[in-house]
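Below, each chain spelled out in residue letters.
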Amino acid sequence: MLIALIARDKAGALETRKANRDTHLAYIDATGVVEQAGPLLDADDQMIGSLVILNVKDVAAAQDWADNDPYAKAGLFQSVDLIPWKRVVGP
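Reading guide: rules and limits
- Residues numbered from 1 in each chain as written.
- Predicted model: local features only at pLDDT ≥ 70, side-chain atom pairs only at ≥ 80, totals over all residues.
- Heavy atoms only, no water.
- Phe/Tyr/Trp six-rings, centres within 6.5 Å; stacked < 30°, edge-to-face > 60°.
- Helix = DSSP H or I, 4+ residues; strand = E, 2+ residues; numbered from the N terminus.
- Buried < 20%, exposed > 50% of the residue type's maximum accessible area, 1.4 Å probe, protein only.
- Expected span 1.5 Å × (residues − 1).
- Bend = angle between axes of the 7 residues up to and from the residue.
- Contact = heavy atoms within 4.5 Å.
- Lys, Arg positive; Asp, Glu negative; His and termini not counted.
- Salt bridge = Lys/Arg side-chain N within 4 Å of Asp/Glu carboxyl O.
- Polar contact = N/O pair within 3.5 Å; in protein donor to acceptor, adjacent residues only side chain to side chain.
- Core = buried A, V, L, I, M, F, W, Y, C linked by side-chain atoms within 4.5 Å.

## Quick notes on the packing of aromatic side chains
No. 1: Applying the stated criterion across every chain yields a total of two aromatic pairs.
No. 2: On the numbers, 4.9 Å between centres and 40 degrees between planes, the contact of Tyr27 with Trp65 is tilted. Of this pair, Tyr27 sits in helix H1 (residues 14-31) while Trp65 is found in helix H2 (residues 59-68), placing the two residues 38 residues apart along the sequence.
No. 3: For Tyr27, a relative accessible area of 16% translates into the label buried.
No. 4: With 6.1 Å between their ring centres and 85 degrees between their planes, Tyr71 and Phe77 make a pair best called edge-to-face. Of the two residues examined, Tyr71 and Phe77, each falls in the buried class.

## Focus on H1
No. 1: Helix length check: H1, at 18 residues, gives a terminal C-alpha distance of 24 Å against a target of 26 Å (1.5 Å per residue), a fit within 8%.
No. 2: Approximately 55 degrees is the largest bend angle found in H1, and it occurs at Arg21.
No. 3: What H1 keeps buried is the set Arg17, Asn20, His24, Tyr27 and Ile28.
No. 4: Tucked into the core, H1 has its buried residues touching strand S1 (2-9), strand S2 (34-41), strand S3 (47-55), H2, helix H3 (70-73) and strand S4 (77-84).
No. 5: Gly32 lies just past H1 and shows a positive phi near 70 degrees.

## Quick notes on the environment of Phe77
No. 1: If you trace the backbone, Phe77 turns up in strand S4.
No. 2: In this structure, the C-alpha to C-alpha distance between Phe77 and Met1, residues 76 residues apart in sequence, is 24 Å.
No. 3: Not counting residues up to four positions away in its chain, the partners in contact with Phe77 are Ala7, Arg8, Asp9, Lys10, Arg17, Ser50, Asp69, Tyr71 and Ala72.

## A word on the side chain of Asp69
No. 1: Mapping Asp69 onto the fold places it in the loop between H2 and H3.
No. 2: Despite its burial, Asp69 pairs with no opposite charge, the nearest such side chain being Arg17 at 7.8 Å.
No. 3: In terms of polar contacts, Asp69 uses its side chain to reach the backbone amide nitrogen of Tyr71, at 3.1 Å.
No. 4: When near neighbours in sequence (up to four residues on either side) are disregarded, Asp69 contacts His24, Tyr27 and Phe77.

## Digging into the nonpolar core
No. 1: Of all hydrophobic cores here, the largest spans 17 residues; its most connected members are Ile3, Leu5, Leu54, Val56, Ala62 and Trp65.
No. 2: Elements supplying a minimum of two residues to this core: S1, H1, S3, H2 and S4.
No. 3: Contact partners of Leu54, with chain neighbours within four places excluded, come to Met1, Leu2, Ile3, Leu5, Val33, Val34, Ala62 and Trp65.

Geometry only, nothing functional implied.
Written out as structure tokens, the structure reads:
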């Protein structure tokens, strides 16, 4: 099942994001469930959140993945939404 994880960073948390980026990317690689991912950007092209498409068994597995993301453990996010998603266009 595909799940869209949409996370919004806490205000002023850009340095937290940068400090944990390598660990976050290693987690993505190690878990093997991320179909697509990238940062959300503001009008000045600064990172303000994340969009991650997970391919997991169910919403509980997506929640477990989100809870163990190094960004989440570092307290980066103000909010995280997990929304079932259906691919219509794209590979």
